[in-house]
Amino acid sequence: MGVRVPPRRAWRNWRRAADLPIPVSSTDAEDADRRFLLYGLLPLWVVPGLADWWMHRRTRIEHTSGTRESAVHALMMTETGVPVVLGLLARINPLVLTVMGGAALAHGATAVYDVSLAVGEREVRPVEQHIHSFLEVLPLTALAFTACLHADQVRAALRGGRGPRDWRLLPKERPLPAAYLAGIAGVVAAGVVVPYAEELRRCLRAAAPEGSRR
């Protein structure tokens, strides 16, 4: 058993460990699962997000459901963003798996409220409903792949954890490559943060009194 490093010191030194390799050509099941999760599912998550933003823009959300629905979208992005950040940076243990599961359930419940809010205020076309289907199932898909990669931690979570460190936020023993983390951050910023910030800005401007708009 290795020396137990306090969580604060572990986070200060987390980039000093050797990066986790992600073989491109390996056919090992674990490598293939990790490759699909990191290079397939996470980057492509942006595509239905952008499509949904375009549908909101096309139906002029700022003049229908407005700021209230846009704020719900921001909440849903937070519900997916927090577990994604934990999965990329933190060690997968019962604490992280519990947060991921809770966030997935919260996201599903918020998605139901989002649609019920939207259909009463603006046109929600069938294609937008199908886009929502992708957005609703992707958090569960990511959670399923993560659970398969860390089956021992799933078992520990179901048994209440094996010790106090199972319920602490710790950095990965082998962090993901810095280039990958920077790339995924750029994709999310360009494909999610910027478009939905623009949407919220439009809604706030439309809701503001005529004389205060700039």
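These numbers come from a predicted model, not from an experiment.

(A) Structural detail: the layout of surface pockets. Approximately 690 Å³ is the volume found for the second largest pocket. As for the second largest pocket, its lining consists of 29 residues, of which M77, T80, G81, V188 and V192 are closest to the centre. With 9 residues, the single largest contributor to the lining of the second largest pocket is helix α4 (residues 66-89). Among the residues making up the lining of the second largest pocket, the classes are represented as 20 nonpolar, 6 polar and 3 charged.

(B) A look at the packing of α4 against helix α5 (residues 94-119). Following both chains from N to C, one finds α4 and α5 inclined at 165 degrees, their axes separated by 9 Å at the closest point. Classified by the interaxial angle, the pair formed by α4 and α5 is roughly antiparallel. Our pair here, α4 against α5, has a crossing hand that is left-handed. From α4, R68, E69, V72, H73, L75, M76, E79, T80, V82, P83, L86 and G87 reach across to α5, where they touch V96, V99, M100, A103, A106, H107, T110, A111, Y113, D114, L117 and A118. Residues of the contact of α4 with α5, tallied by class, amount to 15 nonpolar, 5 polar and 4 charged.

(C) Highlighting the packing of helix α2 (residues 29-44) against helix α8 (residues 178-207). Taken N-terminus to C-terminus, the directions of α2 and α8 make an angle of 15 degrees; their axes are 10 Å apart at the nearest point. Classified by the interaxial angle, the pair formed by α2 and α8 is roughly parallel. Considering only the axes of α2 and α8, their crossing is right-handed. In contact with L38, Y39, L42 and P43 of α2, α8 contributes Y180, I184 and V187. Residues that form the contact of α2 with α8 fall into these classes: 7 nonpolar, no polar and no charged.

(D) Just unusual backbone geometry, in detail. Of note, the phi angle at R60 is positive, near 55 degrees, even though the residue is not glycine. In this fold, R60 is placed in the loop between α3 (46-58) and α4.

(E) Representation of the packing of aromatic side chains in the model. Enumeration over the complete set of coordinates arrives at 3 aromatic pairs. For the ring pair Y39 and Y180, a centre distance of 5.4 Å and an interplane angle of 90 degrees mean the geometry is edge-to-face. Here Y39 is found in helix α2, whereas its partner Y180 is found in helix α8, with 141 residues between them in sequence. Look at Y180 and you get buried, because its relative accessible area is 9%. Taking 6.4 Å as the distance between ring centres and 50 degrees as the angle between the ring planes, the aromatic pair formed by W53 and W54 counts as tilted.

Rules and cut-offs
Residues numbered from 1 in each chain as written. Predicted model: local features only at pLDDT ≥ 70, side-chain atom pairs only at ≥ 80, totals over all residues. Heavy atoms only, no water. 1 Å grid on protein atoms, 1.4 Å probe; cavity = no way out; pocket = protein on both sides within 12 Å on 5 of 7 lines; lining within 4 Å. Points joined across faces, edges and corners; volume = space filled by probe spheres on them. Helix = DSSP H or I, 4+ residues; strand = E, 2+ residues; numbered from the N terminus. Nonpolar A, V, L, I, M, F, W, Y, C, P; charged D, E, K, R; others polar. Axes fitted to C-alpha atoms, helices over the stretch in contact; angles between N-to-C directions. Parallel < 35°, antiparallel > 145°, perpendicular 65-115°, else oblique. Left-handed = near helix turned anticlockwise from the far one by under 90°. Contact = heavy atoms within 4.5 Å. Phe/Tyr/Trp six-rings, centres within 6.5 Å; stacked < 30°, edge-to-face > 60°. Buried < 20%, exposed > 50% of the residue type's maximum accessible area, 1.4 Å probe, protein only.

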